[in-house]
Amino acid sequence: MARYSFGGDEHIAVEMDEAMSLRAFFGALSICNAVRDSKIPGVTEICPANASLQLRFDPDLIEPDDLMREVKQIEASASGQKQALTTRIIEIPVYYDDPWTRETLMRFRDRHQDPDATDLEYAARINNYASVNDFIAAHSGSPWLVSMVGFGAGSPFTFQMVEHEKQIQVPKYVRPRTDTPKQCVAQGGCFTGIYPVRGAGGYQMYGITPTPIYDPTQTTSYLREFMILFRPGDIVKFRGIGRDEYDSLVEDVKKEDFFLKQRAISFSLDEFEQAPAFYNRQVLEALDGH
Amino acid sequence: MVIEVIKPGLRTTVQDLGRPGYHHLGIPMSGAMDRYALRAANLLVGNNEEDAALEAVFAGPELSFTDRRLVAVTGAELPPKVDGELRQTWEAFIVEPGQILSFDFLKKGARAYIAISGGIDVPLVLGSRATYLLGGLGGFQGRGLATEDRLQLGQSMARTPKSTSVPEDLRRADPGEPVLRVLPGLYAHRITEEAARGFYEDVWKVAPEADRVGYRFRGGRPLQFVPRKPPFGAGSDPSNIVDAPYPYGSIQVPAGTEPIVLHRDAISGGGYFTLGTVISADMDFVGQMQPNQKIHFTPVDMNAALAARRVEAERLERLRSHCV
C-alpha cells in the first residue's frame, strides 16, 4: 500500500513508491482521477506527481481523518485496474548544443561536477555513450512521458519510456546556477524538463526549444485557450534540429496559424511493458500519422 | 479613477486572496502573505474582503490620488502619511484629489496592506488579481509597481463601513512567543529522531532570503539523515526525494542545513525532503517576520492545528461583525 501523510491541516500526500517508475506514476494518476470523479466535498486541488500525489482540502468542510479514510478506500478499489490512458503525443523540436545554452553553461563551470566538459559531454560520458551525438540520439530517440507539471509555471517533468537499464541519469549541478536560458531543455536525475522562463536552475543543460511552453500573455497560437502546454500524462518526442530550422521556427511560432505537431493516442502500460521498443515504434508512427 | 506611483517602495505588488486551482500545473495560489490583514484593510474602506489591494514589504510606496478615496493600512506597523501628515494604521482615512499618500519607516512586522475604496482594478487572470512575480502573471503587468505606473481603481462601494477602525484586540497581535507550530510528517522519517528533536529545540533566525516564495532560516544544527540506498530517480544527496508536490507551509531542508518554509508563491514541487508543515493558522504570521528575527518550531498534532484554525476563524467573524 501507498504511504499516506498529512501536509499540515490542508494537504494529504500519498507516496506510491520511493523510487520512480511508470507504474508508480500511473498508480498516482488513477487515484487522482478516481478522487476527482468521486467529487468529495472539501477537496480543492488534486496534484498528480511523478511517483506520488497531493490533495488540498478545506478542513472546515471535511474532517481530515474522514478524507484520509476515503482516499485509502479509493486506492484499494483502484488497485488492479488496467493502467491505460487516452492522451496525446507532442513533438518538441530541440536545438541541442546551441550557442546560448553553451554560453550560459560556460559561465557556471565552477558549480559543475566536471568543469572541463560541457553538460552534454559530461552526461554522455557518465551514461557510457561514445559521443555526444550518440547521447543525443538516445535522448531524442525514445519518447518521454510527462509525469508531473510544476516547480515553475507549466514546467514538465518527463520520464523516458525505455527499459529501466536504458534510463539516462545525471546528477544536478553541485551548486545551482543563477541563470538558465528561457525554454532550455535540461535533465536532473532521470527527468528531462523544460525551463518555462529564464532563471535559476540546477539541471544539466542540453539545448533549447523554439516553442514556448508557458505564455501568460496567451498570444502564442496554441496557448491562446490556456497559457500552459503540458498536462500530466502527455507524451513528448524530442526532435533534434539545427540552427537554420531553429531560426525559422522562432519566426513561425509567432504566426497566428502555427501549430505544434501532435496526435491523439491511447497508451497502455501493460502493452508497453511487454515490448517497450516495439510499442514506442507504434507511438512514433502515430505521431507521423501512420 | 487612477492612482499614480511616484515611488514604488521596495517591492509593492497588487494582491488579493489568490488564485487556487492551478497548483497541479505549477501556478501557485499567490495572494496576500497576511490574508487577515488584507481582509481587515478592505473591510475598513467598504470593499469586499477579497478585493485587490497593495502589499508593501519593509517600505511603503508614494502614491498620488486623482479622486477622493477612503484608505486603510493594516498588517505591518508602517505609518501612513497624507501630504506629510501622519495617520493611524488599522484606521480608515480620506485622501483627497491631488493629495499624496506616503509612509514613515517600518516600526514592526514586514508587510503592510494598503486598501483603497473601490479596490485596485487590474484584469482578472485565472480568477484573481494577485501578482505572481516568478511567472510574470496577474497583478499590474505581472510585476511589482514601478515609478510612473498608473493604477486603475474600481468604483467606490456604496457600502459605508460601520466602523472606521479595528480595535486593538482584533488587530494581529504580536504573538507572545515567536513560535511556528508544525504538524510533523511528509518525509520526516528521512532524519534521525535525535535530528528531529534538535530541529524543534534549536533557535532559528530568519535569513535575508525571505520572500513571497518562501522563508529561509539559519542558526540551528544540521540534520542527520537515516542511511539509505538512494531510490531510483531520487538523486544521491540524502535530502533528495523523487520530485513531489510541496504543500503550502511545508518545511524543506536542502542538504539538511537551512530550513525553508514555502509560502503563497511556493514552488509547486521539487526534489527535497520535507519534515512537516507549518499549520494554516500560523501562515499569516510567517509573512510578518523580519530577517534576523529569532523563532522556534514546535510540533503539534492535527487537533491542535484545527483548534488554532478555529481561533483564527472566530477572530475573523468578530472583525466582520465589527466592520459590516
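Residues numbered from 1 in each chain as written. Chains lettered and ligands numbered in written order. Predicted model: local features only at pLDDT ≥ 70, side-chain atom pairs only at ≥ 80, totals over all residues. Heavy atoms only, no water.

Focus: the sheet that holds strand β10 (residues 108–116) of chain B
Residue and element names in this part refer to chain B.
So, point 1. Spatial ordering of the open sheet is given by β2-β3-β10-β5-β8, a layout of 5 strands whose pairing is antiparallel. The two strands at the open ends of the sheet, each matched to only one other strand, are β2 (13–15) and β8 (92–95). The average undirected angle you get between the axes of adjacent strands in this sheet is 35°.
So, point 2. Summarising the sheet, strand β3 (residues 53–57) and β10 pair through 4 bridges and their orientation is antiparallel. Counterpart to V57 in the pairing with β10 is R111. (Pairing = 2+ DSSP bridges. Helix = DSSP H or I, 4+ residues; strand = E, 2+ residues; numbered from the N terminus. Axes fitted to C-alpha atoms, helices over the stretch in contact; angles between N-to-C directions.)

So, the sheet that holds strand β6 (residues 80–82) of chain B
Two modes of strand pairing occur in sheets, parallel and antiparallel, and in both the strands are linked by backbone hydrogen bonds.
Residue and element names in this part refer to chain B.
So, point 1. As summarised here, the arrangement of the 6 strands in space is β7-β6-β9-β4-β1-β11, forming an open sheet in which the pairing is antiparallel. In this open sheet, the two strands that pair with only one neighbour each are β7 (85–86) and β11 (150–152).
So, point 2. Relative to β11, strand β1 (residues 2–7) runs antiparallel, the two being bridged by 3 bridges. Of the residues in β11, the one forming a bridge with E4 is R150.

Topic: unusual backbone geometry
Residues and elements named next belong to chain A.
So, point 1. Phi is positive for K39, which is not a glycine, with a value near 45°.
So, point 2. With respect to the helices, strands and loops of the structure, K39 is situated in the loop between α1 (22–38) and β3 (43–48).
So, point 3. A positive phi is found at Q183, a non-glycine position, where the angle reads about 65°.
So, point 4. The topology assignment puts Q183 in the loop between β7 (156–160) and β8 (184–188).

Observations concerning the domain arrangement of chain A
Residue and element names in this part refer to chain A.
So, point 1. If you check the domain split of chain A, you get domain 1 (3–81) and domain 2 (86–287).
So, point 2. Between the C-alpha centres of domain 1 and domain 2 there is a distance of 28 Å.
So, point 3. Contacts between domain 1 and domain 2 engage 9 residues on the former and 15 residues on the latter.
So, point 4. When domain 1 packs against domain 2, close to 1,100 Å² is buried across both sides, 74% of that on carbon and sulfur atoms.
So, point 5. It is L22, R23 and N50 that lose the most area in domain 1 upon contact with domain 2, and together they represent 50% of the buried surface on that side.
So, point 6. Here domain 1 is connected to domain 2 by 2 salt bridges.
So, point 7. For R23, the salt bridge goes to D270, with nearest N and O atoms at 3.0 Å.
So, point 8. Taken together, the connections running from domain 1 to domain 2 amount to 3 residue pairs in polar contact (both at pLDDT 80 or more). (Domains from an automatic or database assignment. Contact = heavy atoms within 4.5 Å. Buried area = accessible area lost by both parts, 1.4 Å probe. Salt bridge = Lys/Arg side-chain N within 4 Å of Asp/Glu carboxyl O. Polar contact = N/O pair within 3.5 Å; in protein donor to acceptor, adjacent residues only side chain to side chain.)

What about the nonpolar core?
So, point 1. In terms of nonpolar packing, the biggest core is built from 54 residues, with B:Y215, B:F217, B:F273, B:L275, B:M289 and B:F297 touching the most fellow members.
So, point 2. It is helix α1 (residues 35–44) of chain B that contributes the most residues to this core, 7 residues altogether.
So, point 3. Three or more residues apiece are contributed to this core by two domains, here domain 1 (2–169) and domain 2 (179–314) of chain B.
So, point 4. If you look at the next biggest cluster of nonpolar residues, it comprises 43 residues, including A:A138, A:L229, B:V125 and B:Y132. (Core = buried A, V, L, I, M, F, W, Y, C linked by side-chain atoms within 4.5 Å. Buried < 20%, exposed > 50% of the residue type's maximum accessible area, 1.4 Å probe, protein only.)

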